[in-house]
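Residues per chain are reported as follows:
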Amino acid sequence: MNDSNDENSLPANNTLADDALVNLEAEFEDSNVKEVLDKLDNELIGLVPVKTRIREIAALLLVDRLRKQFALSSETPTLHMNFTGNPGTGKTTVALRMSEILHRLGYVREGHLVSVTRDDLVGQYIGHTAPKTKEVIKKAMGGVLFIDEAYYLYKPENERDYGAESIEILLQVMENNRDDLVVILAGYKDRMDTFFHSNPGMRSRIAHHVDFPDYSADELLQIAKLMLADQNYCFSPDAEKAFSEYITIRMTLEHFANARSVRNALDRARLRQANRLFANASKSLSKTDLMTLEAEDILASRVFLEGKLDMDSDAIEE
Amino acid sequence: MMTNPSKIVTQGQFSFLPPLTDEEITKQIKYALDQGWSLGIEYSDDPHPRNTYWEMFGNPMFDMKDPAGILMEVNNARKTFPNYYIRVTAFSAVRGVESVTMSYIVNRPKAEPGFGLTRQETGGRTQRYTIHSYATDKPEGERYK
């Protein structure tokens, strides 16, 4: 890469000469980040602002690596992130990808993801919280610590709540062990805003606030097809039409959880398909029969009949 | 005679080498983790070679991926017990029990008085020998200042 002026480079500390040239593209290829970014593009529908942000972060890290070759040192960039968005918008999935990207760029050493919630961090009695939080942090070292529903950590209505202690330790680690781990918080937008409002220290230590938009009906249909393909199912043409109608109605109902609602609807459709096949058990079935969801499997949903949620549906989940 | 020329206790791995730096400890921990072993930190102020069971500094650490967390705990132990022997022990679960596969001292007292040889006369002019750490003349917790 620095063949333009070899004798001037300093091999002792691997610093390149001032007029040496480096190739960003080669570095990009070299890091295999492209593969992860492409995977992100192919497997995650929509989410344009999120993808742009991840690309930006990847670009920054890559350029930073090149700068290092010229000994243009800058501090390790703060990579702690905050993912906000409605239920089922893919926060966890993206966090998983993020740990892979950071690993490929060499910003986390191991690239594993430790996913925790309040229960894993906050103890039940005095003196229980600190060791518990530290235990989790130790496990996450060299990887990404993903705190789901992070706003539960802080309960303003109970001033003796141990959550505050946990936050304090987290803040300390986020500042002092920046090279060792990356913390990603996730939660619903409005509640996370309240959380940051009462913990300004947390807000300032997080460099990247990424908002996950809701999916459009088209995107949800694409997601549904992708999910089915993963499980070796497919829609018949009629079923596809029915399902896109289903999504339109479902989106107006309460407790709509984007991709998660889609997954639940598909699970119920599979149930009805199995039931339908069983009802005509005397008929011998082909591979296509076993794979195809028909319109009737979807139209039987109560969403169509009464404009209400299925009883066994995601009414309970938020 | 019982003390070696370097005047330090030589137990476990690397004990004839100069003290390990944090970087070297990190590499050793990394090696153990890569083998799938779990690590524990133990401390003691009784350096007798037959004193195998040292006090545990916290629980052994399972499911760890990266040495940074364990090194953090080593430094915690050093802060808590600056004048004790502290060792890092790696346990392998291959045999169905957690058995010690690596063990090395990462912290030792500033001054180590060493061991004396005690002779005992028994029947028929027989001599029995035993070694005795000068440090253990003092009660536990006051042995190294």
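Look above for the structure.
What counts and what doesn't
- Residues numbered from 1 in each chain as written.
- Chains lettered and ligands numbered in written order.
- Predicted model: local features only at pLDDT ≥ 70, side-chain atom pairs only at ≥ 80, totals over all residues.
- Heavy atoms only, no water.
- Phe/Tyr/Trp six-rings, centres within 6.5 Å; stacked < 30°, edge-to-face > 60°.
- Helix = DSSP H or I, 4+ residues; strand = E, 2+ residues; numbered from the N terminus.
- Buried < 20%, exposed > 50% of the residue type's maximum accessible area, 1.4 Å probe, protein only.
- Lys NZ or Arg CZ within 6 Å of the ring centre and 35° of its normal.
- Pairing = 2+ DSSP bridges.
- Contact = heavy atoms within 4.5 Å.
- Axes fitted to C-alpha atoms, helices over the stretch in contact; angles between N-to-C directions.
- Expected span 1.5 Å × (residues − 1).
- Parallel < 35°, antiparallel > 145°, perpendicular 65-115°, else oblique.
- Left-handed = near helix turned anticlockwise from the far one by under 90°.
- Salt bridge = Lys/Arg side-chain N within 4 Å of Asp/Glu carboxyl O.

Chemist: Explain the packing of aromatic side chains to me, please; I cannot follow it from the model alone.
Modeler: How two aromatic rings sit relative to each other is given by the distance of their centres and the angle of their planes. Inspection of every chain in the model, using the stated rule, returns 14 aromatic pairs over all chains. A ring pair is formed by Y151 of chain A and Y188 of chain A, whose centres lie 6.0 Å apart and whose planes are at 40°; its orientation type is tilted. Separated by 37 residues along the polypeptide, Y151 of chain A in the loop between β3 (144–147) and α7 (163–176) and Y188 of chain A in the loop between β4 (182–187) and α8 (189–198) bring together distant segments of the chain. Both residues of the pair, Y151 of chain A and Y188 of chain A, count as buried. With a centroid separation of 5.7 Å and an interplanar angle of 90°, the aromatic rings of Y85 of chain B and Y144 of chain B are classed as edge-to-face. Taken together, the residues Y85 of chain B in strand β3 (residues 85–92) and Y144 of chain B in the segment after β6 (126–133) connect sequence positions 59 residues apart. Neither residue differs from the other here; Y85 of chain B and Y144 of chain B are each classed as buried. Members of the aromatic cluster, connected to one another through ring pairs, are Y43, F57, F81 and Y84 of chain B. Sitting over the face of the ring of W54 of chain B, R87 of chain B holds its NZ or CZ atom 4.2 Å from the ring centroid.

Chemist: Sorry, what's going on with the sheet that holds strand β4 (residues 99–107) of chain B here?
Modeler: Across a sheet, paired strands are connected by hydrogen bonds in the backbone, their directions being either parallel or antiparallel. Residues and elements named next belong to chain B. Strand order in the open sheet formed by four strands is β2-β1-β3-β4, with antiparallel pairing between adjacent strands. What marks the edges here is a single partner per strand, and that holds for β2 (55–56) and β4. Bridge count for strand β1 (residues 38–44) against β2 is two bridges, and the pairing is antiparallel. The partner of Y43 across the bridge, within β2, is E55. Relative to the sheet, helix α2 (residues 67–80) contacts β1, β3 and β4, its axis offset from that of β1 by approximately 5°.

Chemist: In this structure, what is going on with helix α12 (residues 258–279) of chain A? I would like to understand it.
Modeler: Residues spaced three or four apart along an α-helix face the same direction, because each turn holds 3.6 residues. Residue and element names in this part refer to chain A. In a regular helix each residue adds 1.5 Å, so 22 residues correspond to 32 Å; α12 covers 32 Å between its end C-alpha atoms and thus fits that length. For α12, every residue scored as buried is listed here: N258, A259, S261, V262, N264, A265, L266, R268, A269, Q273, R276 and L277. Packing partners of the buried residues in α12 comprise α10 (217–230), β6 (234–235), α11 (237–252), α13 (287–291), β7 (292–293) and α14 (295–299).

Chemist: Looking at this model, I keep getting lost on the packing of α10 of chain A against α12 of chain A. Mind explaining?
Modeler: Residue and element names in this part refer to chain A. Relative to each other, α10 and α12 sit at 50°, their axes nearing to 10 Å. Taken together, the axes of α10 and α12 are oblique relative to one another. The interaxial crossing formed by α10 with α12 has right-handed handedness. Between α10 and α12, the contacting residues are L220, I223, A224, M227 and L228 on the first element and N258, A259, V262, R263 and L266 on the second.

Chemist: Explain the pattern of salt bridges here, please?
Modeler: Two side chains bearing opposite charge may form a pair once their charged atoms approach each other closely. Residues and elements named next belong to chain A. Scanning all chains against the criterion turns up 24 salt bridges over all chains. Across the pair E43 and R97 runs a salt bridge, and its minimum N-O distance is 2.9 Å. One end of the pair, E43, is in helix α2 (residues 33–43); the other, R97, is in helix α4 (residues 91–104), with 54 residues separating them in the sequence. Under the relative-accessibility criterion, E43 is labelled partly exposed at 38%. The exposure class of R97 is buried, given its relative accessible area of 12%. Measuring nitrogen to oxygen at the nearest pair gives 3.1 Å for the salt bridge that ties R109 to D180. You can see R109 sitting in the loop between α4 and β2 (113–116) and its partner D180 sitting in the loop between α7 and β4, a full 71 residues away along the chain.

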